[in-house]
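# Remarks on the overall topology
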Amino acid sequence: MLCNVMEEITRETLNDLMTESYIGCTCELCQHDILAIALNRLPPQYSSTPTGELYVKARLFASQWRVDVVRELTYAMGIVTKTRRH
Ligand SMILES: [Zn+2]
C-alpha cells in the first residue's frame, strides 16, 4: 500500500481546525478546496507501510510537521473563505 502520510496528517488536522476555529463553510467541496491548496504547498511524504504501521508513522511525523500543516491549512482556509465556489 502506497500512501502520502502528509495527506493523512493534513486531513486529520483540518478536521481538528474546523471544529476548533474555522468559521467558513465546512461542506465537502470547500474541504477539498482547502486540502488541495494546502497539500500543493506541503512536501508529500510517501510511505509503503501497511495500514497499521501507517498510523504509527503518522503519529510520529505529525508532531514534527504540525506547525507547517497548521500554517498552510490556515492560509488555505483564508483563501477558500474569500473565494468560495458556491
Ligand atoms: Zn462549502
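Residues numbered from 1 in each chain as written. Predicted model: local features only at pLDDT ≥ 70, side-chain atom pairs only at ≥ 80, totals over all residues. Heavy atoms only, no water.

## Some remarks on the overall build of the chain
Tallying secondary structure elements over the chain gives three helices and two strands in all. For the chain, the α and β elements follow one another from N to C terminus as β-α-α-β-α. In terms of overall dimensions, the chain is globule-like: its C-alpha atoms have a radius of gyration of 13 Å, near the 12 Å expected for 86 residues. Relative to its 86 residues, the chain shows a buried fraction of 35%. Expressed as a percentage of contacts within the chain between residues at least 6 apart in sequence, the contacts between residues at least 24 apart total 86%. (Helix = DSSP H or I, 4+ residues; strand = E, 2+ residues; numbered from the N terminus. Rg over C-alpha atoms; globule rule 2.2 N^0.38 Å. Buried < 20%, exposed > 50% of the residue type's maximum accessible area, 1.4 Å probe, protein only. Contact = heavy atoms within 4.5 Å.)

## Considering helix α3 (residues 51-82)
Here α3 spans only 36 Å end to end across 32 residues, well under the 46 Å set by a 1.5 Å rise per residue. The largest bend in α3 amounts to roughly 65 degrees and is located at W65. Listing the buried residues of α3 in full gives L54, A58, A62, W65, V69, E72, L73, A76, M77 and V80. Of the surrounding elements, those touching the buried residues of α3 are β1 (3-4), α1 (5-20), α2 (28-41) and β2 (46-47). (Expected span 1.5 Å × (residues − 1). Bend = angle between axes of the 7 residues up to and from the residue.)

## Section: the pattern of salt bridges
Counted under the stated rule, the structure contains five salt bridges. With a closest N to O distance of 2.7 Å, R85 and D33 form a salt bridge. On the criterion of sequence distance, the pair formed by R85 in the segment after α3 and D33 in helix α2 is long-range, its members being 52 residues apart. On the basis of relative accessible area, R85 is assigned to the exposed category, the value being 57%. Between R71 and D68 there is a salt bridge, with the nearest N and O atoms lying 3.3 Å from each other. Of this pair, R71 and D68 both sit in helix α3, separated by three residues, roughly a single helical turn. When its relative accessible area of 47% is taken as the criterion, R71 is described as partly exposed. Connected via shared salt-bridge partners are R41, D68, R71 and E72. (Salt bridge = Lys/Arg side-chain N within 4 Å of Asp/Glu carboxyl O.)

## Considering the environment of I37
Note that I37 resides in helix α2. Along the sequence, I37 and D68 sit 31 residues apart, while their C-alpha atoms lie 13 Å from each other.

## Some details on the coordination of the zinc ion
Here the zinc ion is held by the protein donor atoms C25 (SG), C27 (SG), C30 (SG) and H86 (NE2), which lie 2.2 to 2.3 Å from it. Around the zinc ion, the four donor atoms are arranged such that angles at the metal cover 94 to 117 degrees; this shape is classified as tetrahedral. Taken in sequence order, the residues that donate to the zinc ion follow the motif C-x1-C-x2-C-x55-H. The exposure class assigned to C27 is partly exposed, which follows from its relative accessible area of 27%. With a relative accessible area of 1%, C30 lands in the buried category. (Donors = N, O, S within 2.8 Å, 3.2 Å for Na, K, Ca; no water. Tetrahedral: all angles 85-135°; square planar, octahedral: opposite > 155°, others 65-115°.)

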